[in-house]
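Observations on the model geometry
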Amino acid sequence: MPIGAFAQRSGLTASALRFYADSGLLAPAEVDAFSGYRFYAVGQVERAVLLRRLREIGMPLATVQAVLDAEPGEAVRLVEEHVKKVASDAATAQQHAAAIKASLADEPRLTVATLSGPVLAAAIEQILTATTYEPGMTVLNGVRFESGPEAVVLTATDRYRLSTRTLVSSDPAPVACAATVDADDLRACLPDLRRSPEVTITAARHAVQMRLQNREDCHCRLLSEPFPDYRLVLDGLSTVSTRVTVEKTLLLRAIEAISSPRISMVVRSGRIIVTGIVDTRDVPVPASVTGLDADIWFEVTTLYPAISTAIGADLLLDFRGPDQPATVRSADHGDLTTLAMPIQPELSEASPQQRL
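Quick caveat: nothing in here was measured; it's all calculated off a predicted structure. (Residues numbered from 1 in each chain as written. Predicted model: local features only at pLDDT ≥ 70, side-chain atom pairs only at ≥ 80, totals over all residues. Heavy atoms only, no water.)

**Notes on the overall build of the protein chain**
When helices and strands are tallied, the protein chain shows ten helices and 18 strands. Rg of the C-alpha trace for the protein chain: 27 Å, well past the compact-globule value of 21 Å for 356 residues, more than 25% over. Taking the principal axes of the C-alpha coordinates as reference, the protein chain spans close to 90 × 60 × 30 Å. Counting over 356 residues, the protein chain shows a buried share of 45%. When contacts within the protein chain are restricted to residue pairs at least 6 apart in sequence, long-range pairs at least 24 apart make up 60% of them. Across the protein chain, the centroid of the 34 positively charged side chains sits 2 Å from that of the 43 negatively charged ones. (Helix = DSSP H or I, 4+ residues; strand = E, 2+ residues; numbered from the N terminus. Rg over C-alpha atoms; globule rule 2.2 N^0.38 Å. Buried < 20%, exposed > 50% of the residue type's maximum accessible area, 1.4 Å probe, protein only. Contact = heavy atoms within 4.5 Å. Lys, Arg positive; Asp, Glu negative; His and termini not counted. Charge placed at Lys NZ, Arg CZ, Asp CG, Glu CD.)

Here it is as structure tokens:
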């Protein structure tokens with residue numbers, strides 16, 4: 001087919017096809033000796049489309065050539081390697097941009113807290129499980145930092161789950177301070193936080209700076225959108241009707257054993273029975289139960305992270321009914337608390353999940 005028809009089939013422009021031919025990436029099947037017109041074979045369309053898609057993700061020509069000529073397994077590895085580099089470069093650019101903006105603004109910085117780097121990194125990882133990407137609500141991909149004279153509180157919510165963690169600062173802030181920090185920037189800081197014995201957090205109008213020992217400082221952007229009033233949710237919690245103490249590992253195994261997107265936790269004296277809407281087997285888990293019997297349904301994507309990130313070997317679960325938030329926390333360490341919103345009792349597969 002002539003170059004114009006091939007351009008339409010492949011999504012590449014004629015000028016791009018000429019460039020890739022000259023680069024040796026996609027040579028025409030034939031070139032008319034007299035007119036110089038280029039013709040392509042139908043069998044070249046797949047290679048042309050792949051070439052276009054690789055260039056659309058910003059892959060350099062040399063790597064594109066390697067992918068096009070590689071076996072499938074090696075090609076996949078090269079694509080993954082490129083995407084990791086792009087993501088790393090983007091995270092680095094964001095960090096540098098935050099530092100540049102902070103220096104240009106020449107704003108005074110407030111020392112928020114001084115914390116152990118590994119402890120802060122672990123707390124951030126636990127809280128990040130409650131963040132999410134949602135169009136029009138960028139604040140849900142943020143972590144709320146609130147510091148005071150006694151402690152620093154980290155909070156995140158995706159509207160179905162709310163996690164909050166309290167950390168004691170070795171150098172408490174003299175005044176209260178609150179800001180919502182971009183979750184992606186925090187993720188990028190984690191490797192350095194884990195390797196810094198101590199971290200001093202300072203805040204300005206547009207960014208939070210984490211000053212690390214023997215490492216380059218981390219800068220995280222602040223989100224301007226108001227953070228959800230989670231304290232209103234906490235203050236409005238109804239009385240606990242059922243309290244359960246259960247071994248974390250056993251409960252996780254039971255949830256993993258049920259192949260279902262929605263599960264029920266049937267609470268009876270001395271046990272929890274885990275079952276699902278698709279996989280209806282009963283998996284019993286020994287537990288200490290006080291209060292009323294309960295039957296609470298959850299989305300696995302809401303409940304499992306709340307349990308898996310909890311601290312300690314034993315969990316304390318507080319239930320308030322099938323339409324009220326359940327609380328998940330450690331039986332021994334209460335500084336990480338997660339609210340998980342149940343779904344309506346399973347009358348059908350389309351039962352909606354409630355929001356906090």
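**A look at the pattern of salt bridges**
Across all of its chains, the model carries 18 salt bridges by this definition. A salt bridge links arginine 187 to aspartate 184; the nearest nitrogen and oxygen atoms lie 2.9 Å apart. Of the two residues, arginine 187 and aspartate 184 both sit in helix α7 (residues 183–194), three residues apart, roughly one turn of that helix. One salt bridge connects arginine 221 with aspartate 185, and the closest N-O pair in it is separated by 2.9 Å. Here arginine 221 is found in strand β10 (residues 218–221), whereas its partner aspartate 185 is found in helix α7, with 36 residues between them in sequence. (Salt bridge = Lys/Arg side-chain N within 4 Å of Asp/Glu carboxyl O.)

**Things to note about the packing of helix α6 (residues 117–128) against α7**
The contact between α6 and α7 brings their axes to 9 Å, and the two run at 145°. Like other packed secondary-structure pairs, α6 and α7 cross with a definite hand, here left-handed. From α6, Gly117, Pro118, Leu120, Ala121, Ile124, Glu125 and Leu128 reach across to α7, where they touch Ala183, Leu186, Arg187, Leu190, Leu193 and Arg194. Among the residues forming the contact of α6 with α7, the class breakdown is nine nonpolar, one polar and three charged. (Axes fitted to C-alpha atoms, helices over the stretch in contact; angles between N-to-C directions. Left-handed = near helix turned anticlockwise from the far one by under 90°. Nonpolar A, V, L, I, M, F, W, Y, C, P; charged D, E, K, R; others polar.)

**Remarks on the sheet that holds strand β7 (residues 177–182)**
Strand order in the open sheet formed by twelve strands is β7-β4-β5-β6-β18-β17-β16-β11-β14-β13-β12-β15, with antiparallel pairing between adjacent strands. Of all the strands in the sheet, the pair left with one neighbour each is β7 and β15 (294–299). Taking each pair of neighbouring strands and ignoring which way they run, the sheet shows an average axis angle of 25°. As paired strands, strand β4 (residues 142–147) and β7 are joined by six bridges and run antiparallel to one another. (Pairing = 2+ DSSP bridges.)

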